[in-house]
Structures are given as C-alpha cells and as structure tokens.
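An overview of the molecular structure
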Amino acid sequence: MQEKHFSFKVARLTVLLSCLCTGCAIAESNSAAEEQNGVTAEQAGGFAESNSTTETLSNNDNENIVVDLATQQMELEKQAEEARLEAERKAEEERIALEKQALAEAKLTEVIGMQELQFRSEVAKIYADNDYALLWKNQEAKKQFLREYALVVASGISARTAKSLEAISNADENNNPLYDILITDAFLDYMYYTANVSHLAQNWLYSSNRYKAAKASELQIEQWLSAVKNDDVLSFINHISSSNNLYRQTVDGFISLLTEPTEEPAIDNGQNKKKKKQKKQEPLVNLYKLAINVQRLRVIPNFDNGIFVNIPSYQLNYYRDGQLVLNSRVIVGKNERRTPVMYSKLSNVVVNPPWNAPPRLINEDIIPKVRQDPEYLSRNGYSIIDRSGKVVSPYSIDWGSIGAKFPYRLRQAAGDNSALGRYKFNMPSSDAIYLHDTPKRSLFGKKNRALSSGCVRVEKSDELATILLKEAGWSADRKQRVLDSRKTTSANIQSDNPVYLYYVTAWVDNGKTHMLPDIYGYDRAQNLSYVNWDVIRKYLL
C-alpha cells in the first residue's frame, strides 16, 4: 500500500515537470521559427524587450500555481493519512479495552460466581483496576454508607435497591471479597441516586418503586476512588448526603420509631379483628410516612435563604441569612391540578398584572360559564384575542358550536377582579408556575386551601412585593402610584431569591413529630413487601 502511494506521488511530480519542460521546448521552437523568417533578436529590438517582462511574469505565475496545487494536494494526502492512522489507533484501543473488560468480567465471575449485581461491568472494571484490593476497609465509612442506604430502602422507592441491601446483609463479612463487591455495587446505585434525586424528585419520591438505578458518572466514580486511596471515604459519603437540619432530625425520629414493635399481641375476640389489623398496620404506615419524607427532605437545602413553600402545609416561609422575614398562608393547586415539586428563582415582580388564561382552564372552567352566562367575559374583564392579536367580539362567536378546544386566547385586564390580583412573582418554570396575589381573600380562611389551578396564591403578597420592590429601588410612594395607575409595570429582582416548592407531610423538629394531611395522596404505598424491616433495623439500630 505504501509503495503504490509513493509511486503515485512521483508520477504526479513527473507530469508537472513534463509540463514545464514542454513549455521550454515550445519557446525554443518559436525562436527557431523566427530566425528562419529572418527576424533576429537584435532585429526584434523593442518588440522582444517589451514582451520579455510579461512572459517572465506569466511563466512565474504558472509555476507558482502548479507548486501551490501540488502542495495543497500533498497536504490533503497527509491529513487523510493522519486520519487513517488515528482511526486505526482508536480501533486498536477499543479492541484492547474490550479484551481487558472481558478478562475483568471473567475474573469477577471467578471471584463471586454468578452473584447478581446491578452494575456488573462497572464493578468488574473497578476491581480489576485496583488488583481486587478491598475498597471498604474503613469501618466507619462502611457503616455510614449502609446506614444511608438503609434509609433509602425504607422509603420504598426501589425494590431493586432493597434487594441489594438484603444481599449485603446475607453475605459473610469476614474478609470476604464478595461482601466488599456487593457494597461497591450498592454504592454505585447510591451515588447515582444522590446526584440525580434533586431534579427527579417529582418522579422518584411521590409513589413507591419508581426509582430506577443507572450508572454513576465517571467523575463521581473517580472522586470516590480517589477518596478510597486517600482514606477519606467517610468525608465523601457525608458530602453527598444532605445537610438539611430537618433531614437529620427526622432521621433520628425515624430510628426511634423503629425501636417500637410493629405487631400487636394476638386478639382472639372476632369483634376486635378489624381493630387488631389497624393496630398492626399503623406502626408500619407511620414508619413509611417518615421514611419517604426523610428522602423528600434530602433534596431541600437548609432554611437559610429563599422562599420555601411546603405544599400540604399551605404555608410560605421567606428566609434571609437564616432569619424568617415573612410567613404567609398560601393557596395551592387542587388535586386535579397539582402544584408541582420544583426549584426555581424569582426573576421579576409585575405590578397590576394582566392574566392570560391557560387553555385547560379556558376549556374546562370558563367556556361552560360563558354558555350559561354570555355576559360573564365582559363582567370579569376578559378580552377575546385571535391569532393575529385582534380583539374579537364575544357576540360574533357561536358559543354552542365551540368544541373541546377554544380557538382564541382569553386575556383578563389588570384590575380588582383580575385572577392574579395586584402582584405576580415570575420565575422560570416548564409548567408555567408562579406566585401571585388574588382578589378572593376570603379563601385564605379555609382549612383546606388546595383550590388553585396549580399556581401559588400568596396571602401576604403585598408584604412580599414591598420587600422585593424596595431592593429594586422603589419607594413606598412609587409603588402606590403604580398601583393606582392600573398600568402594568414590572421590576427585575435584584437579590438572589431561590424558590422551593416541596411536599413534606412528616418531619421531626426539636424532638416533636409533625404530621400533615396527604392532600395529593403521595404517601400511599401500594405494596412494600420488598422492604425487609429486620434488615433496615440491622443497619440503623
């Protein structure tokens, strides 16, 4: 292959040289012809002299073009050759890596047989790269991890995670490579969970057995193995756990509850069978309720800075530098239109906000009212807007023919009757969720305040707006003038104000256990038979 490639280059160069030589031969032939015609160089005189410069430049240009083309061609061929060699190198590296991985997995099978693992390939590579040295020699770090892992299992979010913990419990601890490998396999699961639970909480923590483990990132694995080499695994484990103070207190409360019996003595009286069943189930129900809320608290930072809304408590708390600066009752989404668990940051405050009704609310709530009462839209300040932005008269629409999807937008003008009240607090949200005021102040007096279409209505919205607008440079007089003008005006948020909408129905604070109604039914576990409470106690008591 290389010999043919070299011959091709020589042949190309030969052709170029031939072209140059041919040009010289033609020049000599022309000179001879001139002599035959009786025209000598001296006789040509000025004619030859005037053309000599042009011919020289032309010949030089031709030669330069030929050389440039040859150089470019050689550069392209060089790049192609380098790409070919690089592809061959990568292919060889992949082949070697596959061979190495196959040997690693064969060695793993030799050590542990066909023991089921969640991450067999990753575990095989880790132990092969470390010459099968035991990675969990630090007893304190191992104990802390198994404690955290047992808490995850107790929450019921994964039957597979429960199976991994039970396999560890059944293995021989005495200098057994299998025991060490099982812990590493579980730790890969735990690292993936801790790295992703904050942004996947809505999927994982609000129904049983929804969490599905996946491979931890290469960076996480490298950081952990570095901690192993530096005997700093305990710090690494504590770092990826939660720092929330309520999380730690609720863990302690859960462990205390574990010491209580989960079964009542047998009752022979048939009349009391139902009571017996309820008594037997109640401790397990409370255990699960605390366990799942431990994991929900994991994803919330300490209550130092930001707006925290606990959905089932119907309360908003605003903290600055660890101090509570505002507490307010709120109204959250009804069960059919639940307020989502989410994290965002306030971006701006809108004073006198108009309201663009969402399509679902238009079709399900507003249109049925209009069919019953044609004056409903005008009475409540709504405008009908078509796709081109033009206002459409409600009397030009055949409301009886309107189907499941209203083909227009509805916009409610700012004012006393606006659904958003006097203030709207915007924040980025894929679900178009925000905080706002409301003209329906009496609803804050209700015990059950799951009444909205998903957004959060704030009773003390004026106080919240005052704090934020003051930071934006607004005086109290300016705020009042804008309110009185009824003109829509916005102000960007100047401070860092994270917003946490979370759902916690049980927690422990200063030794007291707090329980809230499960307004969305998130605490109901269909089947927790895969949770072995004896194994949970083994690692927590």
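Here the residue index of a chain counts from 1 through its sequence in written order. Since the coordinates come from a predicted model, pLDDT governs what is reported: local features require at least 70, and pairs of side-chain atoms require 80 or more to be given and counted, while whole-chain, interface and lining totals use all residues. Excluding hydrogens and water, the side-chain figures rest on all heavy atoms present in the structure.

Remarks on the overall build of the chain
Selection rule: Helix and strand assignments follow DSSP, with helices taken as H or I runs no shorter than four residues and strands as E runs no shorter than two, numbered in order from the N terminus. Three labels apply to residues, based on accessible area from a 1.4 Å probe with only protein chains included: buried if under 20% of the type maximum, exposed if over 50%, partly exposed otherwise in between. Any two residues whose heavy atoms approach within 4.5 Å are treated as being in contact. With residues, only the protein chains shown are counted as cover, and all accessible areas are computed by Shrake-Rupley using a 1.4 Å probe.
A count of helices and strands for the chain gives 16 helices and 17 strands. Counting the 541 residues in the chain, one finds 41% classified as buried. The long-range fraction of contacts in the chain, counting pairs at least 24 apart against all pairs at least 6 apart in sequence, stands at 71%. Carbon and sulfur atoms provide 50% of the accessible area of the chain, an area that totals close to 30,300 Å².

Here's the deal with the side chain of Thr438
Inspection of the secondary structure puts Thr438 in the loop between strand 11 (435-436) and strand 12 (450-452). Residue Thr438 is classed as buried on the basis of its relative accessible area of 3%. If sequence neighbours within four positions are ignored, Thr438 has contacts with Ala419, Leu420, Gly421, Phe444 and Arg457.

Topic: the packing of aromatic side chains
The line we're drawing: We call Phe, Tyr and Trp rings a pair once their centres come within 6.5 Å, taking the six-membered ring for Trp, and we label the pair stacked below 30 degrees between planes, edge-to-face above 60, and tilted otherwise. For a Lys NZ or an Arg CZ to count as sitting over a ring, it must be within 6 Å of the ring centre and within 35 degrees of the ring normal.
Tallying each qualifying case throughout the model produces 31 aromatic pairs. Measuring from ring centre to ring centre gives 6.3 Å for Phe303 and Tyr502, while their planes differ by 50 degrees; the resulting arrangement is tilted. Remark: Tyr502 occurs in strand 15 (residues 498-502) and Phe303 occurs in the loop between helix 11 (273-298) and strand 1 (306-310); sequence separation between them is 199 residues. Comparing Phe303 with Tyr502 shows no difference in burial state: the two are buried. Here the aromatic residues Trp136, Phe145, Tyr149, Phe187, Tyr190, Trp224 and Phe236 are joined through ring pairs into a cluster of three or more. One cation-aromatic arrangement involves Lys107 over Tyr132; the distance from NZ or CZ to the ring centre is 5.9 Å.

Thoughts on helix 12 (residues 359-372)
One turn of an α-helix holds 3.6 residues; hence residues three or four places apart share an orientation. Using the following cut-off: Given a helix with a known number of residues, its expected span is that number minus one, times 1.5 Å. Bend, at a single residue, is the angle you get between axes fitted to the 7 residues ending at that residue and the 7 residues starting at it.
With 14 residues, helix 12 should reach 20 Å at 1.5 Å per residue; the first-to-last C-alpha distance of 19 Å fits that figure. At Ile366, helix 12 shows its largest bend, some 40 degrees, and a proline, Pro368, comes one to four positions later. Residues of helix 12 that are buried: Leu361, Ile362, Ile366, Ile367 and Val370. Of the surrounding secondary structure, the elements contacted by the buried residues of helix 12 are strand 6 (355-356), helix 13 (376-379), strand 7 (382-385) and strand 9 (409-412).

Quick look at the sheet that holds strand 7
Convention followed: Only when DSSP finds a minimum of two bridges between them are two strands counted as paired.
Read across the open sheet, the four strands follow the order 6-9-7-8; overall the sheet is antiparallel. Every interior strand has two partners, whereas the edge strands, strand 6 and strand 8 (391-392), have only one. Across four bridges, the pairing between strand 7 and strand 9 is antiparallel. Looking across to strand 9, one finds that Tyr382 is bridged to Gln412.

Regarding the pattern of salt bridges
Once their charged atoms are close, side chains differing in charge can pair, the charge on each being opposite to the other. Put simply, the rule is: The salt bridge definition used is simple: a Lys or Arg side-chain nitrogen within 4 Å of an Asp or Glu carboxyl oxygen.
If you walk through the whole model with that rule in mind, you get 28 salt bridges. With a shortest N-O distance of 2.9 Å, Asp129 and Lys125 are connected by a salt bridge. With a gap of four residues between them, Asp129 and Lys125 both fall in helix 4 (residues 120-129), about one helical turn apart. For Asp129, a relative accessible area of 40% gives the class partly exposed. Ionic pairing is found between Lys215 and Glu218, a salt bridge with its closest N-O pair at 2.8 Å.

Quick notes on the pairing of strand 17 (residues 512-515)
Pairing between strand 16 (residues 506-509) and strand 17: four bridges, direction antiparallel. Its bridge partner lying in strand 17, Val508 is registered against Thr513. Taken together, strand 16 and the strand that follows it, strand 17, pair antiparallel across an intervening segment of two residues, in which Asn510 is found at a positive phi of about 55 degrees.

Focus: the nonpolar core
We count it as follows: Only buried residues count toward a nonpolar core. Its members are Ala, Val, Leu, Ile, Met, Phe, Trp, Tyr and Cys residues joined through side-chain atoms within 4.5 Å.
Trp136, Phe145, Phe187, Trp224, Phe254, Ile366 and Ile536 are the most contacted members of the largest nonpolar core, which totals 140 residues. Counting residues per element, this core draws most heavily on helix 7 (residues 177-204), at 14 residues. If we skip the residues at most four places from it in the chain, Trp136 touches Tyr127, Ala141, Lys142, Phe145, Asp180, Ile183, Thr184, Phe187, Trp224, Val233 and Ile237.

Comments concerning unusual backbone geometry
One non-glycine residue, Arg486, lies in the positive phi region at around 65 degrees. Looking at the element boundaries, Arg486 is found in the loop between helix 15 (476-485) and strand 14 (489-492). Backbone geometry places Asn510, a non-glycine residue, at a positive phi of 55 degrees. Residue position: Asn510 is located in the loop between strand 16 and strand 17. Judged by its relative accessible area of 70%, Asn510 is exposed.

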